[in-house]
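Descriptive analysis of the structure
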Amino acid sequence: SSLPRSWTLLGVVGQAPGAAMEVLRTRLCEWRPSGVDALALAPATAKGLEVPEPRLAVGRSNGVVELWDTTTWHLHSSTAGHARRSIRSFLWVTAAEGSARQRLFSAGLHREVSEWDLTTLTQLVSVASGGGPVWSLSSAGMRIFAACEDGTIRIFSAEGEPGDLMLQGRLNVGKTRLLSVAYFGNDFLFAGGSDSRIAKWSMQTRTCEAAMQVEKARGAETLVWSLVALGDHGLASGDSLGLVHIWDPVACVVRYRFAHHQADVLTLAASPDGSVLLSSGVDAKISAFSKQSDGEERWVFSNAGYGHTHDVRAIAMDAGSGKFVSGGVSGALRVHESRTAASDNRLQKRGPKGTIHLSALSPVLQTASVAQGSRLMLCQRDAQLELWYLQQPKPKEGPGAPMPEAQHVLRVSLDGAKEGRHLAASAIAPNGQHFAASDDAGTRLFQANLEDLEVRRVEGLPTEILNMPARALLFCGSGLLASAPHTTNEVVVLDVAALSVVARLKKHKAPVALLATEGEWLASSDLNGVVHIFSLDKLQHHAKVPLGCDDNEKVKAFPTALCFDGGRNRLIVALSTHKLIIFDVEARALAQDVQSIVSIPPKMVPPCARVCGISAPPVGRGKLLLWGHSFLVKVDLKAPGDKDAEEEQPYKRKKRKSKAGTPEGAEAAATDATKGGGDGNTSTEACVWKAYEGMQHIVSLHPLEESQWGAPLLDHPNGNAAEVSHPSVATANKKRLRAAFAQGRAMVLTLEVAPVAIEKSLPQSFERKSYSRVKS
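Throughout, a residue's number is its position along its own chain's written sequence, starting from 1. In view of the model being predicted, local features appear only for residues whose pLDDT reaches at least 70, and side-chain atom pairs are presented and counted only at 80 or more, with totals across whole chains, interfaces and linings using the full set of residues. Water and hydrogen atoms were dropped before computing side-chain values, which therefore reflect all heavy atoms in the structure.

Any carboxyl oxygen of Asp or Glu within 4 Å of a side-chain nitrogen of Lys or Arg constitutes a salt bridge here. Tallying each qualifying case throughout the model produces 24 salt bridges. Here Arg-27 makes a salt bridge to Glu-752, at a shortest N to O gap of 4.0 Å. With Arg-27 in the loop between β2 (20-26) and β3 (36-41) and Glu-752 in strand β59 (residues 746-752), this residue pair connects regions lying 725 residues apart in the sequence. The buried label applies to any residue whose accessible area, calculated with a 1.4 Å probe on protein chains only, is under 20% of its type's maximum; exposed applies above 50%, and partly exposed to all values in between. The buried category is assigned to Glu-752, whose relative accessible area is 1%. The closest approach of N and O atoms between Asp-415 and Arg-457, which form a salt bridge, is 3.8 Å. Linking Asp-415 in the loop between β36 (406-413) and β37 (425-428) with Arg-457 in strand β40 (residues 454-457), this pair joins segments that are 42 residues apart in sequence. In the salt-bridge network here, residues are joined through shared partners; they are Arg-25, Arg-27 and Glu-752. By the criteria applied, helices consist of DSSP H or I runs no shorter than four residues and strands consist of E runs no shorter than two, each listed in order from the N terminus.

Shown next, in the form of structure tokens:
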């Protein structure tokens, strides 16, 4: 491969004071972020009741639908992508019965209007629009209005139970495509199109009552990209001239005109009371407008900010917190604090109370797995699997350590790729002889022969496996394959040699999203946040991890990563609230020999950054590596009385006594952890933390076993044999480094995306013009 790779000595993570860690940082598979095309936030409350999380729906350019938790701003669940699905609009509708239950609808250029199951995130129903691609959705009660390519508004009824969706009729607005639609008041529907007009229709008489003309430039038609109702205060429009207009919906005339954008305004969002308006588009500028009530009511420009590098295609406002979310071509989500005071000249800066930057990479779909016994890496990207072989390093003359060569063995895709289906899950066996993959059509098993560079599909799989889309796959050793179905609440275990289902592990009450294994144990976490442990020897349930579940088996926090602690019979669970739960598997209780509930310091990991994985290096007794897309952190869970950790450069949490080490206090402490209360320390012993700088765009991380991968490459602590440019190494003295190398080193493999590769995958950003004031 011509992509850059390097062995890098990052710092201290070994068995004795100063023991070193080698990190093989590879950039092999060309993962790319997928743009954001649609956003929608469900209301915080409905009918006087709190709306449960997740409340943020995200539609991406590769057909992926995501649900995000807005309390921690973590991805909760995701569909697989689809090349033939392009979502341009979401709609949250409150169910008709007396509850706060929400229903989620979507539509897009794939010509369908769909409703989604919020538990499994699968389509409950999908109905053809009848008018071609759908550019925008709006609603009134249980009626849904779709602005279509053929110039009509299609009217759907969602009366009844979830999954009930029926086409009721249409309005023939014009002959050109409609790009936007907004319902206003109790009777009127406004539709904007590609003919420089906004049409006003009465739903009672089904007739067009007026047409509002927008400005044109050089005789070309103007596209009305977005419409939004401003409560009782009017109607706002954004168009291809970069103009934002506020209209009188009764007289159908312009009341205010704002020219604060240099290119198309693609999206508008308004607060529920209609007093705040946000706009953005191709110039990546987010402008805020507010209605002033001092004397005569009027609309004024408040402030603007540039939180994105490329086109912003969607904005959603949260009525409960006042925050708003934006996303666009770059794929990154930004969460902003709303500021609308006219004295503010820009949106809040990045900081604790400013903009939250969320990763553009998917922790669910852009993944990789490693076969320790065969030096193989399996990378999952869109509809394809890439198999890489990391060769033994060859002797090298001259300075520097010999580098292992990565060989691209082959590329595999399932039959569903021809129909546009993307992969949902994949896994490779530890010996590299088998790997599995799943999409919406089902799961397939393959056998690999490296000597002949041949892969063949294994025939004879049980029909239930073949037809079962999997949310997660994991090989338990080389003989068993654990599969988490996308729609059912079980874990299915397949005997790879016999090609038969040997167990159905049924303890969960929601679909399973995460799997982890070691030795005889299998851990699983579901979308309700519940974690169970099963015995693979007995193929039965062993224990439930106490995470503070309520009567409905739901927790306010949910696991983002699971890991067994290297033969120590401990399970580590990372929660979305940045708590670590350390569970003693044999004792079936929170661990008592180490701190059992640990809070991740905000100085180590930003509060909204997801912990994508946990690793326990074989040589790092009591030490864990936590990683996400933009960080790599080490935590020392030394047992009481072990002073090795004290000799490092520590970041310690304050000590606090707790009862979590006792059986009666375990569940209470876990409940406190899931709610994010307190500082999360349940032991008088402090944890030692270390963050490694310069890590970004990490997609996967794996500890390497020396018995399979050989001895570490870096033999001497000097600049000729090792890359020691990292500050944590440069400041160490030679004596300490020699001691570190003598004690043994952990080896870790990371698969990353080069920043330059991400930049090249994006289109050229809009070049904004700069203006300067000329003094007279």
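Once the structure has been displayed, the description carries forward.
We now examine the pairing of strand β58 (residues 698-704). Among the 7 residues in β58, 6 count as buried, and that is most of the element. Pairing between strands is defined by DSSP: at least two bridges between them are needed. The sheet contact formed by β58 and β59 spans 6 bridges and is antiparallel. Note that in β59 the partner of Pro-703 across the bridge is Val-748.

With that settled, consider the side chain of Asp-526. Take Asp-526: it is sitting in strand β46 (residues 521-526). Positive charges come from Lys and Arg alone, negative charges from Asp and Glu alone, with His and the N- and C-terminal ends not counted. As a buried residue without a salt bridge, Asp-526 has its nearest oppositely charged side chain in Lys-544, at a separation of 8.6 Å. Among the polar contacts listed, one links the side chain of Asp-526 to the backbone nitrogen of Asn-528, at a separation of 2.9 Å. With residues near it in sequence (within four places) discarded, Asp-526 still touches His-508, Lys-509, Ala-510, Pro-511, Val-512 and Ala-513. In protein, a polar contact requires one atom able to donate a hydrogen and another able to accept it; more generally it is a pair of N or O atoms within 3.5 Å, and residues adjacent in sequence count only if both atoms are side-chain atoms. Note on contacts: a residue pair is in contact if any heavy atoms of the two residues lie within 4.5 Å.

Another aspect to go through is the nonpolar core. Judged by nonpolar contacts, the single largest core of 24 residues is most densely connected at Leu-580, Ile-614, Leu-626 and Trp-689. If you tally residues by element for this core, the top one is strand β56 (residues 631-636), at 3 residues. Among the nonpolar cores identified, the runner-up in size contains 20 residues, and Ala-368, Cys-379, Trp-388 and Ala-406 belong to it. We define a nonpolar core as any set of buried Ala, Val, Leu, Ile, Met, Phe, Trp, Tyr and Cys residues linked to one another through side-chain atoms lying within 4.5 Å.

Looking now at the sheet that holds strand β48 (residues 540-545). Strand order in the open sheet made by the 4 strands is β45-β46-β47-β48, with antiparallel pairing throughout. Here the strands that pair on one side only, and so sit at the sheet edges, are β45 (512-518) and β48. Taking the axes of each pair of neighbouring strands and ignoring which way they run, one obtains an average angle of 25 degrees across the sheet. As judged from the 5 bridges shared by strand β47 (residues 531-535) and β48, these two strands associate in the antiparallel manner. Residue pairing for β48: His-532 is matched across the bridge by Lys-544. The angle between two axes is taken between their N-to-C directions and runs from 0 to 180 degrees, where each axis is a line fitted to C-alpha atoms and a helix contributes only its stretch in contact.

A few words now on the environment of Arg-298. The residue Arg-298 is located in strand β28 (residues 298-305) in this model. In the structure, Arg-298 is positioned 43 residues away from Arg-255 in sequence and 9.1 Å away in space, judged by C-alpha atoms.

When pLDDT is averaged along the protein, the result is 84, and 81% of the positions lie at 70 or above. Note on residues 9-19: pLDDT is under 50 here. Beyond four places in sequence and across chains, it has 54 contacts. A score from 0 to 100, pLDDT tells how confident the predictor is in each residue. For residues 645-669, every residue scores under 50 in pLDDT, and the model assigns this stretch 58 contacts once sequence neighbours within four places are set aside.

Only Phe, Tyr and Trp rings are paired, with Trp represented by its six-membered ring, and only when their centres lie within 6.5 Å; those with planes under 30 degrees apart are stacked, over 60 edge-to-face, the remainder tilted. All told, the structure shown has 6 aromatic pairs when counted by the stated rule. Considering the side-chain rings of Phe-145 and Tyr-183, the 5.7 Å spacing of their centres and the 0 degrees angle between planes classify their relative orientation as stacked. Of this pair, Phe-145 sits in strand β14 (residues 143-148) while Tyr-183 is found in strand β17 (residues 178-184), placing the two residues 38 residues apart along the sequence. Of the residues examined, Phe-145 reaches a relative accessible area of 0% and is grouped as buried.

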